[in-house]
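# Reading the structure
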Amino acid sequence: MSRPELIAPPEIYYGDTEAQKYTANSRIQQIQADMTYRALELLNLPPDEPSFILDIGCGSGLSGEILDEQGHIWVGVDIAPSMLEVALEREVEGDLFLQDIGQGFGFRPGSFDGAISISVIQWLLNAETSHPTSSPPHRLTRFFTTLHSALKNPSRAVLQFYPSSDDQIQLITSIAQKAGFGGGIVVDYPNSKKAKKVFLCLFVGSGGAQHVPQGLDGEVPEGAGDSVKFEKRREREKRRKENGAKRKGVKDKDWILKKKELYRRRGKEHVPNDSLYTGRKRRPAF
Ligand SMILES: C[S@@+](CC[C@H](N)C(=O)[O-])C[C@H]1O[C@@H](n2cnc3c(N)ncnc32)[C@H](O)[C@@H]1O
(Lines give C-alpha, C1' and ligand atoms only; values in the text may rest on other atoms or scores of the structure.)
Protein backbone atom coordinates (compact mmCIF):
# COMPACT_ATOMS: atom_id res chain seq x y z
CA MET A 1 0.00 0.00 0.00
CA SER A 2 1.25 3.47 -0.88
CA ARG A 3 2.28 5.82 1.92
CA PRO A 4 -0.35 8.52 2.61
CA GLU A 5 2.19 11.32 2.07
CA LEU A 6 2.70 10.09 -1.50
CA ILE A 7 -1.01 10.10 -2.29
CA ALA A 8 -2.08 13.73 -1.72
CA PRO A 9 -1.19 16.84 0.34
CA PRO A 10 -2.12 16.32 4.02
CA GLU A 11 -5.07 18.71 4.12
CA ILE A 12 -6.59 16.85 1.14
CA TYR A 13 -5.68 13.34 2.29
CA TYR A 14 -7.17 13.99 5.75
CA GLY A 15 -10.53 15.23 4.47
CA ASP A 16 -13.80 14.74 6.36
CA THR A 17 -14.17 11.00 5.67
CA GLU A 18 -10.53 10.04 6.32
CA ALA A 19 -10.36 12.22 9.47
CA GLN A 20 -13.38 10.38 10.95
CA LYS A 21 -12.11 6.96 9.81
CA TYR A 22 -8.60 7.58 11.18
CA THR A 23 -9.87 8.71 14.57
CA ALA A 24 -12.40 5.89 15.01
CA ASN A 25 -9.92 3.10 14.17
CA SER A 26 -9.09 1.36 17.46
CA ARG A 27 -5.81 -0.06 16.13
CA ILE A 28 -4.63 3.43 15.13
CA GLN A 29 -5.76 4.78 18.52
CA GLN A 30 -3.63 2.16 20.29
CA ILE A 31 -0.54 2.67 18.12
CA GLN A 32 -0.66 6.48 18.39
CA ALA A 33 -1.20 6.23 22.16
CA ASP A 34 1.76 3.86 22.61
CA MET A 35 4.03 6.12 20.56
CA THR A 36 2.90 9.18 22.53
CA TYR A 37 3.68 7.46 25.84
CA ARG A 38 7.13 6.61 24.51
CA ALA A 39 7.67 10.18 23.23
CA LEU A 40 6.75 11.50 26.68
CA GLU A 41 9.23 9.08 28.26
CA LEU A 42 11.96 10.35 25.91
CA LEU A 43 10.95 13.96 26.63
CA ASN A 44 12.06 13.39 30.23
CA LEU A 45 9.88 16.11 31.75
CA PRO A 46 10.03 16.91 35.48
CA PRO A 47 7.88 14.30 37.25
CA ASP A 48 4.51 15.04 38.87
CA GLU A 49 4.04 18.53 37.50
CA PRO A 50 2.18 19.76 34.45
CA SER A 51 4.28 20.97 31.52
CA PHE A 52 3.32 23.18 28.60
CA ILE A 53 3.69 21.07 25.47
CA LEU A 54 3.46 21.75 21.74
CA ASP A 55 1.85 18.88 19.79
CA ILE A 56 3.09 19.26 16.21
CA GLY A 57 0.60 17.81 13.71
CA CYS A 58 -1.90 17.11 16.47
CA GLY A 59 -4.54 15.83 14.04
CA SER A 60 -7.79 14.86 15.74
CA GLY A 61 -6.16 14.77 19.16
CA LEU A 62 -5.21 11.10 19.60
CA SER A 63 -1.73 12.14 20.78
CA GLY A 64 -3.09 15.16 22.69
CA GLU A 65 -5.45 12.92 24.61
CA ILE A 66 -2.46 11.21 26.20
CA LEU A 67 -1.01 14.63 27.10
CA ASP A 68 -4.32 15.41 28.83
CA GLU A 69 -4.26 12.09 30.61
CA GLN A 70 -0.77 12.76 31.90
CA GLY A 71 -1.86 16.14 33.24
CA HIS A 72 -0.08 18.38 30.73
CA ILE A 73 -1.35 21.56 29.11
CA TRP A 74 -0.93 21.59 25.36
CA VAL A 75 -1.25 23.51 22.14
CA GLY A 76 -1.81 21.61 18.89
CA VAL A 77 -1.10 22.71 15.33
CA ASP A 78 -2.25 20.95 12.19
CA ILE A 79 -2.71 21.75 8.52
CA ALA A 80 -5.88 19.68 8.00
CA PRO A 81 -9.12 21.52 8.91
CA SER A 82 -11.09 18.24 8.98
CA MET A 83 -8.72 16.72 11.55
CA LEU A 84 -9.02 19.82 13.75
CA GLU A 85 -12.79 19.75 13.37
CA VAL A 86 -12.84 16.17 14.72
CA ALA A 87 -10.55 17.29 17.58
CA LEU A 88 -13.06 20.03 18.44
CA GLU A 89 -15.97 17.58 18.26
CA ARG A 90 -14.09 15.28 20.62
CA GLU A 91 -13.64 18.21 23.01
CA VAL A 92 -9.90 17.80 23.47
CA GLU A 93 -8.42 20.10 26.08
CA GLY A 94 -5.62 21.61 23.96
CA ASP A 95 -5.79 24.92 22.13
CA LEU A 96 -5.79 24.27 18.40
CA PHE A 97 -4.17 26.17 15.52
CA LEU A 98 -4.67 25.61 11.81
CA GLN A 99 -1.13 25.90 10.49
CA ASP A 100 1.36 24.50 7.99
CA ILE A 101 4.44 23.60 10.04
CA GLY A 102 6.57 23.91 6.89
CA GLN A 103 5.95 27.67 7.09
CA GLY A 104 7.46 27.77 10.57
CA PHE A 105 5.96 28.76 13.93
CA GLY A 106 5.26 32.26 15.21
CA PHE A 107 5.26 31.46 18.93
CA ARG A 108 6.99 33.72 21.43
CA PRO A 109 10.59 32.53 22.05
CA GLY A 110 10.94 30.05 24.91
CA SER A 111 7.19 29.37 25.16
CA PHE A 112 7.15 25.59 25.54
CA ASP A 113 8.60 23.14 28.08
CA GLY A 114 8.77 20.52 25.32
CA ALA A 115 7.31 19.39 22.00
CA ILE A 116 6.12 16.10 20.59
CA SER A 117 5.18 15.09 17.09
CA ILE A 118 3.66 11.72 16.27
CA SER A 119 3.67 10.42 12.67
CA VAL A 120 3.95 13.83 11.01
CA ILE A 121 7.32 15.09 9.77
CA GLN A 122 7.63 12.57 6.91
CA TRP A 123 5.01 14.80 5.26
CA LEU A 124 7.58 17.61 5.11
CA LEU A 125 9.73 15.52 2.81
CA ASN A 126 7.33 15.96 -0.05
CA ALA A 127 7.45 19.23 -2.02
CA GLU A 128 4.12 21.05 -2.08
CA THR A 129 4.87 22.95 -5.30
CA SER A 130 7.83 23.38 -7.64
CA HIS A 131 8.67 26.78 -6.12
CA PRO A 132 12.24 26.66 -4.66
CA THR A 133 11.16 27.90 -1.20
CA SER A 134 8.68 25.01 -1.07
CA SER A 135 11.44 22.43 -1.35
CA PRO A 136 11.73 19.96 1.55
CA PRO A 137 15.05 21.44 2.80
CA HIS A 138 13.56 24.96 2.88
CA ARG A 139 10.45 23.78 4.70
CA LEU A 140 12.46 21.66 7.15
CA THR A 141 14.79 24.60 7.86
CA ARG A 142 11.88 26.94 8.65
CA PHE A 143 10.27 24.24 10.76
CA PHE A 144 13.35 23.42 12.88
CA THR A 145 14.64 26.98 13.34
CA THR A 146 11.28 28.31 14.55
CA LEU A 147 10.69 25.21 16.69
CA HIS A 148 14.08 25.72 18.34
CA SER A 149 13.17 29.28 19.18
CA ALA A 150 9.70 28.34 20.52
CA LEU A 151 11.24 25.95 23.09
CA LYS A 152 12.68 26.78 26.50
CA ASN A 153 16.37 26.34 27.22
CA PRO A 154 16.94 23.58 28.28
CA SER A 155 14.22 21.37 26.88
CA ARG A 156 13.56 18.58 24.41
CA ALA A 157 11.47 17.84 21.33
CA VAL A 158 10.66 14.23 20.44
CA LEU A 159 9.42 13.57 16.93
CA GLN A 160 8.33 10.07 15.88
CA PHE A 161 8.24 9.71 12.13
CA TYR A 162 8.26 7.20 9.27
CA PRO A 163 11.36 7.70 7.11
CA SER A 164 11.44 5.80 3.85
CA SER A 165 15.26 5.77 3.61
CA ASP A 166 18.45 6.46 5.56
CA ASP A 167 18.98 9.51 3.31
CA GLN A 168 15.77 11.02 4.67
CA ILE A 169 16.96 10.45 8.26
CA GLN A 170 20.27 12.06 7.34
CA LEU A 171 18.58 15.09 5.73
CA ILE A 172 16.26 15.67 8.69
CA THR A 173 18.93 15.29 11.39
CA SER A 174 21.45 17.51 9.59
CA ILE A 175 18.90 20.33 9.16
CA ALA A 176 17.83 19.98 12.83
CA GLN A 177 21.49 20.26 13.90
CA LYS A 178 22.02 23.34 11.72
CA ALA A 179 18.99 24.90 13.43
CA GLY A 180 20.84 24.58 16.75
CA PHE A 181 19.49 21.32 18.17
CA GLY A 182 21.59 18.63 19.82
CA GLY A 183 20.48 15.02 20.08
CA GLY A 184 19.87 12.34 17.50
CA ILE A 185 17.89 9.31 16.42
CA VAL A 186 16.46 6.68 18.78
CA VAL A 187 15.27 3.46 17.17
CA ASP A 188 13.00 1.14 19.15
CA TYR A 189 12.84 -2.55 18.22
CA PRO A 190 15.21 -2.12 15.24
CA ASN A 191 14.95 -5.78 14.26
CA SER A 192 11.20 -6.02 14.17
CA LYS A 193 9.50 -5.09 10.92
CA LYS A 194 6.23 -4.41 12.73
CA ALA A 195 7.36 -2.86 16.02
CA LYS A 196 10.30 -0.75 14.74
CA LYS A 197 9.80 2.94 15.52
CA VAL A 198 12.06 5.91 14.75
CA PHE A 199 12.18 8.91 17.11
CA LEU A 200 14.16 12.09 16.53
CA CYS A 201 15.12 13.13 20.04
CA LEU A 202 16.22 16.78 19.99
CA PHE A 203 17.77 18.87 22.75
CA VAL A 204 17.80 22.63 23.24
CA GLY A 205 20.71 23.89 25.34
CA SER A 206 22.62 22.24 28.21
CA GLY A 207 25.89 22.60 26.29
CA GLY A 208 25.68 19.11 24.82
CA ALA A 209 25.49 17.52 28.26
CA GLN A 210 22.32 15.61 27.36
CA HIS A 211 22.85 12.10 26.02
CA VAL A 212 20.69 10.54 23.34
CA PRO A 213 18.58 7.88 25.11
CA GLN A 214 18.89 4.21 24.14
CA GLY A 215 16.29 2.59 21.92
CA LEU A 216 14.23 -0.29 23.28
CA ASP A 217 15.54 -3.73 22.42
CA GLY A 218 13.47 -5.93 20.12
CA GLU A 219 14.06 -9.13 22.08
CA VAL A 220 11.06 -9.22 24.40
CA PRO A 221 11.49 -12.44 26.40
CA GLU A 222 8.67 -14.87 25.71
CA GLY A 223 6.12 -15.42 28.45
CA ALA A 224 7.20 -13.09 31.24
CA GLY A 225 7.98 -10.20 28.91
CA ASP A 226 4.73 -10.47 27.04
CA SER A 227 2.63 -10.65 30.13
CA VAL A 228 4.40 -7.59 31.58
CA LYS A 229 3.80 -5.73 28.34
CA PHE A 230 0.12 -6.65 28.20
CA GLU A 231 -0.33 -5.99 31.91
CA LYS A 232 1.03 -2.47 31.33
CA ARG A 233 -1.27 -1.98 28.37
CA ARG A 234 -4.28 -3.16 30.40
CA GLU A 235 -3.34 -0.73 33.20
CA ARG A 236 -3.04 2.09 30.68
CA GLU A 237 -6.39 1.30 29.12
CA LYS A 238 -8.00 1.17 32.54
CA ARG A 239 -6.43 4.51 33.45
CA ARG A 240 -7.53 6.06 30.16
CA LYS A 241 -11.11 4.83 30.69
CA GLU A 242 -11.13 6.14 34.25
CA ASN A 243 -9.75 9.48 33.13
CA GLY A 244 -12.27 9.54 30.27
CA ALA A 245 -15.05 8.95 32.76
CA LYS A 246 -13.64 11.68 34.98
CA ARG A 247 -13.37 14.06 32.04
CA LYS A 248 -16.96 13.38 31.10
CA GLY A 249 -17.92 13.88 34.75
CA VAL A 250 -16.47 17.40 34.90
CA LYS A 251 -18.99 18.81 32.44
CA ASP A 252 -20.39 21.16 35.07
CA LYS A 253 -21.53 24.74 34.63
CA ASP A 254 -18.03 26.27 34.53
CA TRP A 255 -16.74 23.65 32.13
CA ILE A 256 -19.61 24.23 29.70
CA LEU A 257 -19.24 28.02 29.86
CA LYS A 258 -15.50 27.75 29.24
CA LYS A 259 -15.98 25.50 26.21
CA LYS A 260 -18.69 27.67 24.71
CA GLU A 261 -16.56 30.80 25.16
CA LEU A 262 -13.63 29.02 23.49
CA TYR A 263 -15.76 27.95 20.52
CA ARG A 264 -17.14 31.49 20.13
CA ARG A 265 -13.63 32.97 20.20
CA ARG A 266 -12.61 30.48 17.52
CA GLY A 267 -15.50 31.70 15.38
CA LYS A 268 -17.40 28.39 15.50
CA GLU A 269 -20.94 28.78 14.23
CA HIS A 270 -24.08 27.53 15.98
CA VAL A 271 -22.68 27.55 19.52
CA PRO A 272 -25.85 27.14 21.63
CA ASN A 273 -26.96 30.11 23.71
CA ASP A 274 -26.34 29.87 27.44
CA SER A 275 -29.32 28.26 29.10
CA LEU A 276 -30.76 28.43 32.59
CA TYR A 277 -28.64 25.40 33.43
CA THR A 278 -25.43 27.28 32.68
CA GLY A 279 -26.71 30.11 34.82
CA ARG A 280 -26.69 32.98 32.34
CA LYS A 281 -29.56 34.70 30.67
CA ARG A 282 -30.22 33.62 27.12
CA ARG A 283 -28.95 36.00 24.51
CA PRO A 284 -31.76 37.83 22.77
CA ALA A 285 -32.72 36.17 19.51
CA PHE A 286 -32.45 38.73 16.72
C1 LIG B 1 -0.94 10.40 11.02
S2 LIG B 1 -1.63 11.91 11.49
C3 LIG B 1 -1.11 12.02 13.18
C4 LIG B 1 -1.97 12.89 14.01
C5 LIG B 1 -1.69 12.85 15.51
N6 LIG B 1 -0.36 13.27 15.83
C7 LIG B 1 -1.95 11.47 16.05
O8 LIG B 1 -1.05 10.91 16.70
O9 LIG B 1 -3.03 10.93 15.83
C10 LIG B 1 -0.56 13.07 10.67
C11 LIG B 1 -1.00 14.50 10.85
O12 LIG B 1 0.03 15.38 10.37
C13 LIG B 1 -0.60 16.52 9.82
N14 LIG B 1 0.34 17.24 8.94
C15 LIG B 1 0.94 16.76 7.85
N16 LIG B 1 1.68 17.74 7.26
C17 LIG B 1 1.52 18.86 8.01
C18 LIG B 1 2.00 20.18 7.90
N19 LIG B 1 2.77 20.56 6.89
N20 LIG B 1 1.63 21.07 8.86
C21 LIG B 1 0.82 20.71 9.88
N22 LIG B 1 0.32 19.46 10.03
C23 LIG B 1 0.66 18.54 9.10
C24 LIG B 1 -1.79 15.92 9.09
O25 LIG B 1 -2.76 16.87 8.76
C26 LIG B 1 -2.27 14.86 10.09
O27 LIG B 1 -3.24 15.36 10.96
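Residues numbered from 1 in each chain as written. Predicted model: local features only at pLDDT ≥ 70, side-chain atom pairs only at ≥ 80, totals over all residues.

Further remarks concern the site of the ligand. In the neighbourhood of the ligand, 20 residues make up the surrounding shell, with Gly57, Gly59, Leu62, Ala80 and Trp123 lying closest. Elements supplying a minimum of two residues to the shell around the ligand: helix H5 (62-69) and strand S2 (73-78). For the shell around the ligand, the class distribution of residues is twelve nonpolar, six polar and two charged. (Near = placed C-beta within 6 Å. Helix = DSSP H or I, 4+ residues; strand = E, 2+ residues; numbered from the N terminus. Nonpolar A, V, L, I, M, F, W, Y, C, P; charged D, E, K, R; others polar.)

A separate point is helix H7 (residues 136-150). Its 15 residues give H7 an end-to-end C-alpha distance of 21 Å, which sits within 8% of 21 Å, the value for a rise of 1.5 Å per residue. Against the buried residues of H7 lie strand S1 (52-56), strand S4 (112-118), strand S5 (151-161), helix H8 (166-178) and strand S7 (197-204). (Expected span 1.5 Å × (residues − 1). Contact = placed C-beta atoms within 7 Å.)

This part takes up the environment of Ile175. Inspection of the secondary structure puts Ile175 in helix H8. When the 21 C-beta atoms within 10 Å are taken as the criterion, Ile175 is described as buried. Each C-alpha atom, one on Ile175 and one on Phe144, is 7.4 Å from the other, the two residues being 31 residues apart in sequence. Discounting chain neighbours no more than four positions away, the residues touching Ile175 are Pro137, Leu140, Thr141 and Phe144. (Buried ≥ 20, exposed ≤ 12 C-beta atoms within 10 Å, placed from the backbone.)

If you walk across this open sheet you meet the seven strands as S3-S2-S1-S4-S5-S7-S6, and the pairing is mixed. A single partner strand is all that each edge strand has here, and the edge strands are strand S3 (95-98) and strand S6 (182-188). Between one strand axis and the next, the sheet turns by 15° as a mean value, whatever way the strands run. In the sheet, S1 pairs with S4 via three bridges, with the strands oriented parallel. From the neighbouring strand, Leu54 faces S4, where its bridge partner is Ala115. Along the sheet, H7 makes contact with S1, S4, S5 and S7, crossing S5 at roughly 135°. Contacts between H8 and the sheet are confined to S6 and S7, with S7 contributing the most and set at about 10° to the helix. (Pairing = 2+ DSSP bridges. Axes fitted to C-alpha atoms, helices over the stretch in contact; angles between N-to-C directions.)

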